[in-house]
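Fold and geometry: a report
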Amino acid sequence: MTQRTGKRAVLVAANQPLEIWERPVVDPGPGEVLARLTHGGVCGTDVHFWRGEVPLPGPVVLGHEGVAVIEMLGAGVSTDYAGTPVAVGDRVYWQPVAPCQRCYACTVLGDVSMCENAFAGIFGNADGPTTASYCDYATLRAGLPFYRVPDDTPSDAVIALGCALPTMLQGLERLGGIRPGMSVVVQGCGPVGLAATLLAHLSGAAPLIVIGAPARRLAVACQFGATHTLDMDELPDAAARAARVRELTGGRGTDVVIEAAGAVPAFGEGLQLIARGGRYLIVGLWSAPGTVPVEPRMINNLNLRIIGTALSQPRHLYQALQVVQAHHRRFPLAAAVTHRYRIEDSQQALEAVARLETVKAVIAPAA
Ligand SMILES: [Zn+2]
Ligand SMILES: [Zn+2]
């Protein structure tokens, strides 16, 4: 019998076109799952990886957001990581980040998003079984949390907010939540900004102001609950945007600002938008190098709290599925998937995301 093979898009070196490699599909070992990709989410961070802004060692398969159909279960696997039974043909959702449960962050801090070894299995094994998602087949290795996608929940709706929804769920947890009636600014309207908008809306934020561009993404922000949008293409001056936010908040600024822009100047701008006693959640700057002038006494004088959050934990992946299951009928989540690419066209996908043409792009291997 001929050995099956699968394609994968490989980042060999920064700023070089992705290569398509064909590799054997291997049966899953004990505790592993072999899954056939239907949706590999294209994340803005992938563009930063490609540009070398976050350097990666050696050739790596790209893609850290996946929805796939279980093809084979390895010995001993009968449930997902929440105890839900799984069978061949079920859909699963995962990120290729596995907490090691053997480091300070995992066992002492109790914050597996800070695991020192979580990335160990993703990068540097472009030849063998991969847990990445720009590929035909992924092998979810033992210890890598994955969750069954409920039958009533479309895969498009799950991947639409890819890694952004779990990231924002951890962000809101670290922020300490948003109470009904609190005013919120979300900076940015890519998937992270849209996830922030949806969750802030579900928390009862009002007004809920989204600053970003282009208009197509802001239109989706409105569908996800934004009460006001400030289009940076129409209002390019940060001082004018700050004035508008003050106008909308009785001169006070907002109780919460969520940085989901991934652009360094957003930080300085965000500080100008917070009300006294307010909180600023920094989510989007994960892969954006650079500095910005800040007047630290403002943080002091205004009793501000600035809270960082990076990545997410397995419970946030599970919660993301619950949020999508509960709300995909009321909010056009699936429609946010605007672009689909074959694995062979992964390079074009990155470039379209870099040009902000997409709301959400996915790598969709041919069935
Ligand atoms: Zn991502
Ligand atoms: Zn760890």
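Residues numbered from 1 in each chain as written. Chains lettered and ligands numbered in written order. Predicted model: local features only at pLDDT ≥ 70, side-chain atom pairs only at ≥ 80, totals over all residues. Heavy atoms only, no water.

By the naming in an unreviewed UniProt entry, the protein chain is Enoyl reductase (ER) domain-containing protein, taken from Immundisolibacter cernigliae.

**Examining the nonpolar core**
By size, the foremost hydrophobic cluster in this structure holds 52 residues, and its most contacted members are Leu 165, Met 168, Ile 178, Val 184 and Ile 258. Elements with a minimum of two residues in this core: helix H3 (155-160), helix H4 (164-175), strand S9 (184-187), helix H5 (191-202), strand S10 (208-212), helix H6 (215-223), strand S12 (254-259) and helix H10 (314-327). A domain-level breakdown of this core finds at least three residues from each of domain 1 (5-162 + 314-363) and domain 2 (165-308). Apart from residues no more than four positions distant in its own chain, Met 168 is found in contact with Val 192, Ala 195, Ala 196, Leu 199, Ile 258, Leu 281 and Val 283. (Core = buried A, V, L, I, M, F, W, Y, C linked by side-chain atoms within 4.5 Å. Buried < 20%, exposed > 50% of the residue type's maximum accessible area, 1.4 Å probe, protein only. Helix = DSSP H or I, 4+ residues; strand = E, 2+ residues; numbered from the N terminus. Domains from an automatic or database assignment. Contact = heavy atoms within 4.5 Å.)

**Section: the coordination of the zinc ion (ligand 2)**
Around the zinc ion (ligand 2), the protein supplies Cys 100 (SG), Cys 103 (SG), Cys 106 (SG) and Cys 115 (SG) as donor atoms, at distances of 2.3 to 2.4 Å. For the zinc ion (ligand 2), the 4 donor atoms are set out with angles of 102 to 121° between them, so the coordination reads as tetrahedral. Here the donor residues of the zinc ion (ligand 2) share one chain and are spaced in sequence as C-x2-C-x2-C-x8-C. Each member of the pair, Cys 103 as well as Cys 106, carries the same accessibility label: buried. (Donors = N, O, S within 2.8 Å, 3.2 Å for Na, K, Ca; no water. Tetrahedral: all angles 85-135°; square planar, octahedral: opposite > 155°, others 65-115°.)

**What about the sheet that holds strand S13 (residues 274-282)?**
An order of S11-S10-S9-S12-S13-S14 is seen for the 6 strands of this open sheet, with the pairing classed as parallel. Across the chains shown, the open sheet's two edge strands, defined by having one partner strand only, are strand S11 (228-231) and strand S14 (305-308). Here the average twist between neighbouring strands, direction ignored, is 15°. Across 4 bridges, S10 lies against S11 in parallel orientation. Across the sheet, residue Ile 211 finds its bridge partner in S11, namely Leu 230. Of the strands in this sheet, S12, S13 and S14 are in contact with H4, which crosses S13 at around 145°. (Pairing = 2+ DSSP bridges. Axes fitted to C-alpha atoms, helices over the stretch in contact; angles between N-to-C directions.)

**Overview of the sheet that holds strand S2 (residues 19-24)**
If you trace the 3 strands from one edge of the open sheet to the other, you get S2-S1-S4, paired in antiparallel fashion. The open sheet has two free edges, formed respectively by S2 and strand S4 (60-61), since each of these has just one partner strand. Both strand S1 (residues 5-11) and S4 contribute to a ladder of 2 bridges, which runs antiparallel. Its bridge partner lying in S4, Val 10 is registered against Val 61.

**Thoughts on the packing of aromatic side chains**
Working definition: an aromatic ring pair is given by the centre-to-centre distance plus the angle between the planes. In the structure shown here, the tally under the stated rule is 4 aromatic pairs. Ring plane angle 90° and centroid distance 6.5 Å describe the contact between Phe 49 and Trp 286, whose orientation is recorded as edge-to-face. Residue Phe 49 is found in helix H1 (residues 44-51), and its partner Trp 286 is found in the loop between S13 and helix H9 (296-301); the two are separated by 237 residues along the sequence. Phe 49 gets classed as buried once you look at its relative accessible area, which sits at 7%. Judged by relative accessible area, which is 39%, Trp 286 ranks as partly exposed. On the numbers, 5.6 Å between centres and 15° between planes, the contact of Phe 267 with Tyr 280 is stacked. Taken together, the residues Phe 267 in helix H8 (residues 265-271) and Tyr 280 in strand S13 connect sequence positions 13 residues apart. Among the residues examined, Phe 267 registers a relative accessible area of 16% and is labelled buried. (Phe/Tyr/Trp six-rings, centres within 6.5 Å; stacked < 30°, edge-to-face > 60°.)

**Describing a nonpolar patch on the surface**
Together, Tyr 104, Val 108, Leu 109 and Met 114 line one region of the surface with nonpolar side chains, adding up to about 420 Å² of accessible area. Secondary-structure assignment places Leu 109 in helix H2 (residues 104-109). (Patch = residues over 30% accessible without salt bridge, like charges linked within 9 Å, V, L, I, M, F, W, Y side chains within 5 Å. Areas by Shrake-Rupley, 256 points an atom, 1.4 Å probe, with all protein chains shown as cover. Salt bridge = Lys/Arg side-chain N within 4 Å of Asp/Glu carboxyl O.)

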